[in-house]
Number of protein chains: 2
Amino acid sequence: MESRFMTRAIELAKTAAAHGEVPVGAVVVKDGEIIGEGYNMREQKRNALSHAETEAINQACNTLGDWRLDDCAIYVTLEPCPMCAGAIINARIKEVVFGAYDKTMGCMDSVTNLMNLPFAKDTTVYGGIKEDECKGLLTEFFEGVRK
Amino acid sequence: MESRFMTRAIELAKTAAAHGEVPVGAVVVKDGEIIGEGYNMREQKRNALSHAETEAINQACNTLGDWRLDDCAIYVTLEPCPMCAGAIINARIKEVVFGAYDKTMGCMDSVTNLMNLPFAKDTTVYGGIKEDECKGLLTEFFEGVRK
């Protein structure tokens, strides 16, 4: 785990917020280099599949020309939802680092933990990394929406 | 539920097999019409995200110009994996009809049931529809791979 990758994911989350999207950012890392990055684009793309993690995984698969992202890590500012947890499992990503916990949709601790099931047992997950900063972005965004 | 939509999903699964892909097909239906369809393209696209359901949901979002697929149903030949169950939840699809059960990855009954969790409680799921035909395609495909 290297905190500079979460710093980059936080920058991407800020880009999402600047576009009026719920601020979540993600990067996929292999051998110390970012091979895919993304931020939540659900509203811009009008597409239910366009979360930060799926955008980053899509780019990483394109970079490697392979659906297998073995030996990769993903850094994401918010605990993955069921879709994104599943995308991480399908891509065989071995390490997950997330920031804020998600009590509504989180599937790596909060609502359920898909990573404890047999199909994901070889993945290591670190939650709550730079949690305050990641959570702060979301709080600020939703306060702005209410105003 | 209308069996003609599963018939179309089975045709799409056969197209996947013809391309050397694990045979899974899916359609998204609104008001009695197909608004999105897809089949497993993981190998062709070299992309971990390219399952039958995500392809069909992507097309349906493009058709409607909306990430919300309320009042839609999805028909898929295989029980959804965690990613696809999550994509269905994120798109707010209200009815799921699947064919074969998946003991390894299935997240609507077999390994776990994401649809029992609070974030998915308003979705109706019918499993085992045209099960023999859907399962037969998969059995035939994997027998062919072994040869």
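Residues numbered from 1 in each chain as written. Chains lettered and ligands numbered in written order. Predicted model: local features only at pLDDT ≥ 70, side-chain atom pairs only at ≥ 80, totals over all residues. Heavy atoms only, no water.

Colleague: When you look at the interface of chain A and chain B in this model, what are you seeing that I'm missing?
Modeller: It is common to give the size of an interface as the accessible area lost on bringing the parts into contact. Taken together, the contact pairs 33 residues of chain A with 33 residues of chain B. For the chain A and chain B pair, buried surface summed over both sides reaches about 2500 Å², with 69% attributable to carbon and sulfur atoms. When the area that chain A buries against chain B is broken down by residue, the three leading residues are W67, N90 and F119 of chain A, summing to 24%. The interface formed by chain A and chain B contains 0 salt bridges. At the junction of chain A with chain B, the criterion picks out 6 residue pairs in polar contact (both at pLDDT 80 or more). At the level of secondary structure, the elements contributing two or more residues to the side of chain A that touches chain B comprise helix 2 (42–45), helix 3 (52–64) and helix 4 (82–90) of chain A. (Contact = heavy atoms within 4.5 Å. Buried area = accessible area lost by both parts, 1.4 Å probe. Salt bridge = Lys/Arg side-chain N within 4 Å of Asp/Glu carboxyl O. Polar contact = N/O pair within 3.5 Å; in protein donor to acceptor, adjacent residues only side chain to side chain. Helix = DSSP H or I, 4+ residues; strand = E, 2+ residues; numbered from the N terminus.)

Colleague: Teacher, can you tell me more about the packing of helix 3 (residues 52–64) of chain B against helix 4 (residues 82–90) of chain B here?
Modeller: Geometry of a packed helix pair, given as the angle between the helix axes and the separation of the axes. Residues and elements named next belong to chain B. Running from amino to carboxyl end, helix 3 crosses helix 4 at an angle of 25°, the nearest separation of the two axes being 9 Å. Between helix 3 and helix 4, the interaxial angle falls into the category roughly parallel. Two packed elements cross with a definite hand, and for helix 3 against helix 4 that hand is left-handed. Contacts from E53, T54 and I57 of helix 3 reach helix 4 at M83, C84, A87 and I88. (Axes fitted to C-alpha atoms, helices over the stretch in contact; angles between N-to-C directions. Parallel < 35°, antiparallel > 145°, perpendicular 65-115°, else oblique. Left-handed = near helix turned anticlockwise from the far one by under 90°.)

Colleague: When you look at the pattern of salt bridges in this model, what are you seeing that I'm missing?
Modeller: All names here are of chain A. If you walk through the whole model with that rule in mind, you get 12 salt bridges over all chains. The salt bridge partner of R8 is E11, with a shortest N-O separation of 2.6 Å. Of this pair, R8 and E11 both sit in helix 1 (residues 3–18), separated by 3 residues, roughly a single helical turn. A salt bridge links D66 to R68, with the shortest nitrogen-to-oxygen separation between them at 2.8 Å. Here the residues in one salt-bridge network are R8, E11 and E37, joined through shared partners.

Colleague: Help me understand the confidence of the model for chain A, please; the structure alone is not making it clear to me.
Modeller: Chain-level pLDDT for chain A is 96 on average; 100% of the residues reach the 70-or-more range. What the predictor reports for the complex is a pTM of 0.96 with an ipTM of 0.95. (pLDDT = per-residue confidence, 0-100.)

Colleague: Teacher, can you tell me more about the sheet that holds strand 1 (residues 25–30) of chain B here?
Modeller: Pairing between the strands of a sheet comes from backbone hydrogen bonds, and it takes one of two forms, parallel or antiparallel. All names here are of chain B. Within the open sheet, the 5 strands sit side by side as 2-1-3-4-5. Their pairing is mixed. In this open sheet, the two edge strands, each paired with only one partner strand, are strand 2 (33–39) and strand 5 (124–126). Within this sheet the neighbouring strands show an average axis-to-axis angle of 15°, counted without direction. Note that strand 1 and strand 2 share 6 bridges and pair antiparallel. The residue bridging V27 from the neighbouring strand is E37, located in strand 2. (Pairing = 2+ DSSP bridges.)

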